[in-house]
Amino acid sequence: MALINVNPTRMEMTRLKKRLATSIRGHKLLKDKRDDLMKKFLDLIRKNKELREQVEQEISDIYGGFVVASAVMSPQEEALMLPKQSIDLEVGERNVMSVTVPSFEFNASENSDSDIYSYGFVATSGELDDSVAAVKNVLPHLLELAQIEKSAQMIAEEIERTRRRVNALEYVQIPDLEETIKYIKMKLDENERGNQTRLMKIKDMMLEEAIEKKRQNSTNTAS
């Protein structure tokens, strides 16, 4: 804790008390925000784990299908060289607990399922057809996984920033304000006691002076 360099006056103490009240209120709001962000982050992590396992399994199955297809037919690269369908990816933003995270959406140039096949079915195998169809089905899951992972990363960064601000308020700013207010109050009380002591001395001096004048008046009268 360190004292803030201010003049020990009542005006400064009032100003610091208002600042302390604001800091305490801000500290509570930031703690609530941090806790809510942590809940959202944990939800995203659980969803990310489940989706990643699903996507990895789907990709593994796709890869296995391509391996089988390449074993039963001529080089499959020729069949996939001229795709018929294109994908448009739209990247947007959305707000999650005051954190701006990305939002991914894609639209296919054609809606027909048959348009995903850029080859004829005579010289190709069924395993290749299944793998190509699986690639189309896994794409939305891949985009959702990317969105979740990026959102989790950005929320984690916001949690860290919020945590630092909470700690700065809790362990630095609020204790410094409390210590400074305590110091100013002590100084004001000390000044007030000093003033009272001086007033009492002045009062005693005035009483002594009044007694002395009364004694002199009594002596003059007796003479």
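Structural data are supplied above this passage.
Residues numbered from 1 in each chain as written. Predicted model: local features only at pLDDT ≥ 70, side-chain atom pairs only at ≥ 80, totals over all residues. Heavy atoms only, no water.

### With respect to the overall build of the protein chain
Secondary structure assignment for the protein chain yields 2 helices and 2 strands. Counting helices and strands in the order they occur from the N terminus, the protein chain gives α-β-β-α. Going through the 223 residues of the protein chain one by one, you find that 26% of them count as buried. Excluding contacts between residues fewer than 6 apart, the proportion of contacts in the protein chain whose partners are at least 24 apart in sequence is 77%. Accessible area of the protein chain: about 15700 Å², with a carbon and sulfur share of 55%. (Helix = DSSP H or I, 4+ residues; strand = E, 2+ residues; numbered from the N terminus. Buried < 20%, exposed > 50% of the residue type's maximum accessible area, 1.4 Å probe, protein only. Contact = heavy atoms within 4.5 Å. Areas by Shrake-Rupley, 256 points an atom, 1.4 Å probe, with all protein chains shown as cover.)

### Some thoughts on the pattern of salt bridges
Applying the stated criterion across every chain, the model contains 14 salt bridges. Salt-bridge contacts for Glu160 lead to Arg164; the nearest nitrogen and oxygen are separated by 3.5 Å. Here the residue Glu160 and the residue Arg164 both occupy positions in helix α2 (residues 126-222), the gap between them amounting to 4 residues, near one helical turn. Assessed through its relative accessible area of 31%, Glu160 is described here as partly exposed. A relative accessible area of 46% means that Arg164 is categorised as partly exposed. (Salt bridge = Lys/Arg side-chain N within 4 Å of Asp/Glu carboxyl O.)

### Looking at the side chain of Ser103
Inspection of the secondary structure assignment puts Ser103 in strand β2 (residues 99-108). Overall, Ser103 belongs to the buried group, its relative accessible area being 19%. If we skip the residues at most four places from it in the chain, Ser103 touches Glu90, Val91, Gly92, Glu93, Arg94 and Gln147.

### Description of a nonpolar patch on the surface
A cluster of nonpolar side chains, Leu199, Ile202 and Met206, forms an exposed patch at the surface whose accessible area comes to about 320 Å². What makes Met206 exposed here is its relative accessible area of 55%. (Patch = residues over 30% accessible without salt bridge, like charges linked within 9 Å, V, L, I, M, F, W, Y side chains within 5 Å.)

### Some remarks on the environment of Glu127
Position of Glu127 relative to the elements: it lies in helix α2. On a C-alpha basis, the gap between Glu127 and Gly65 in space is 5.5 Å, while along the polypeptide they are 62 residues apart.

### Here's the deal with the environment of Leu188
With respect to the helices, strands and loops of the structure, Leu188 is situated in helix α2. Note on Leu188: relative accessible area 12%, which makes it buried. Put simply, Leu188 and Met13 are 175 residues apart on the chain and 9.8 Å apart in space, counted from C-alpha to C-alpha. Among all residues touching Leu188, those that are not within four sequence positions of it are Pro8, Thr9, Arg10 and Met13.

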